[in-house]
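Structure assessment
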Amino acid sequence: MPSLRLDRETEALLHWASSASATPLWCMSPEEARNEYRRMLLKTEIAPPPIGKMSDLAVPGPAGPMRLRQYAPAHAERGGAAILFIHGGGCVIG
């Protein structure tokens, strides 16, 4: 199996996040957590790619259909990387 390497920006972000000594977001009030989250995002300096296509989808789930949203970058490479976000929170911070 070929080895996978992270791009430089992602590697730096993961290193920064794992070495952070700040108060965890879940220990803050929602307002404090939002402010801290925005402050942390400024440090990433990673611009998201322009969105070329957005699709609303559904897949079967134990309690009925689960809604999904698929975003495809405007300049997608065939066979490129993918990211899966699974959000289980209350949409409070980000």
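This is a predicted model, so every value here is computed, not measured. (Residues numbered from 1 in each chain as written. Predicted model: local features only at pLDDT ≥ 70, side-chain atom pairs only at ≥ 80, totals over all residues. Heavy atoms only, no water.)

**Here we look at the overall build of the protein**
Regarding its fold elements, the protein presents 2 helices and 2 strands. Sequence-distant contacts in the protein: of pairs separated by 6 or more residues, those separated by 24 or more amount to 27%. Surface exposure of the protein reaches about 8,900 Å², of which carbon and sulfur atoms provide 59%. (Helix = DSSP H or I, 4+ residues; strand = E, 2+ residues; numbered from the N terminus. Contact = heavy atoms within 4.5 Å. Areas by Shrake-Rupley, 256 points an atom, 1.4 Å probe, with all protein chains shown as cover.)

**Digging into the side chain of Glu36**
Within the element layout of this structure, Glu36 appears in helix 2 (residues 30–44). The buried category is assigned to Glu36, whose relative accessible area is 14%. In this structure the side chain of Glu36 is engaged in a polar contact, spanning 2.5 Å, whose partner is the side chain of Arg39. Sequence-distant contacts of Glu36, that is, excluding residues within four places in its chain, are made with Ala22, Leu25 and Met28. (Buried < 20%, exposed > 50% of the residue type's maximum accessible area, 1.4 Å probe, protein only. Polar contact = N/O pair within 3.5 Å; in protein donor to acceptor, adjacent residues only side chain to side chain.)

**Remarks on the environment of Pro50**
Position of Pro50 among the secondary structure elements: in the loop between helix 2 and strand 1 (51–59). Classification of Pro50 by relative accessible area gives exposed; the value is 51%. Placed 25 residues apart in sequence, Pro50 and His75 show a C-alpha to C-alpha distance of 7.9 Å. With residues up to four places along the chain from it excluded, the contact list for Pro50 reads Ala72, Pro73, Ala74 and His75.

**Here's the deal with the pattern of salt bridges**
Applying the stated criterion across every chain, the model contains 2 salt bridges. With its nearest N and O atoms 2.5 Å apart, the salt bridge here joins Glu36 to Arg39. Of this pair, Glu36 and Arg39 both sit in helix 2, 3 residues apart, which is roughly one turn of that helix. (Salt bridge = Lys/Arg side-chain N within 4 Å of Asp/Glu carboxyl O.)

**Things to note about the environment of Arg69**
Within the secondary structure layout, Arg69 lies in strand 2 (residues 66–73). Separated by 13 residues in the primary sequence, Arg69 and Asp56 place their C-alpha atoms 4.6 Å from one another. Within the structure, Arg69 has its side chain in polar contact with the side chain of Asp56 (distance 2.7 Å).

Remember, this is a structural readout, not a statement about activity or role.
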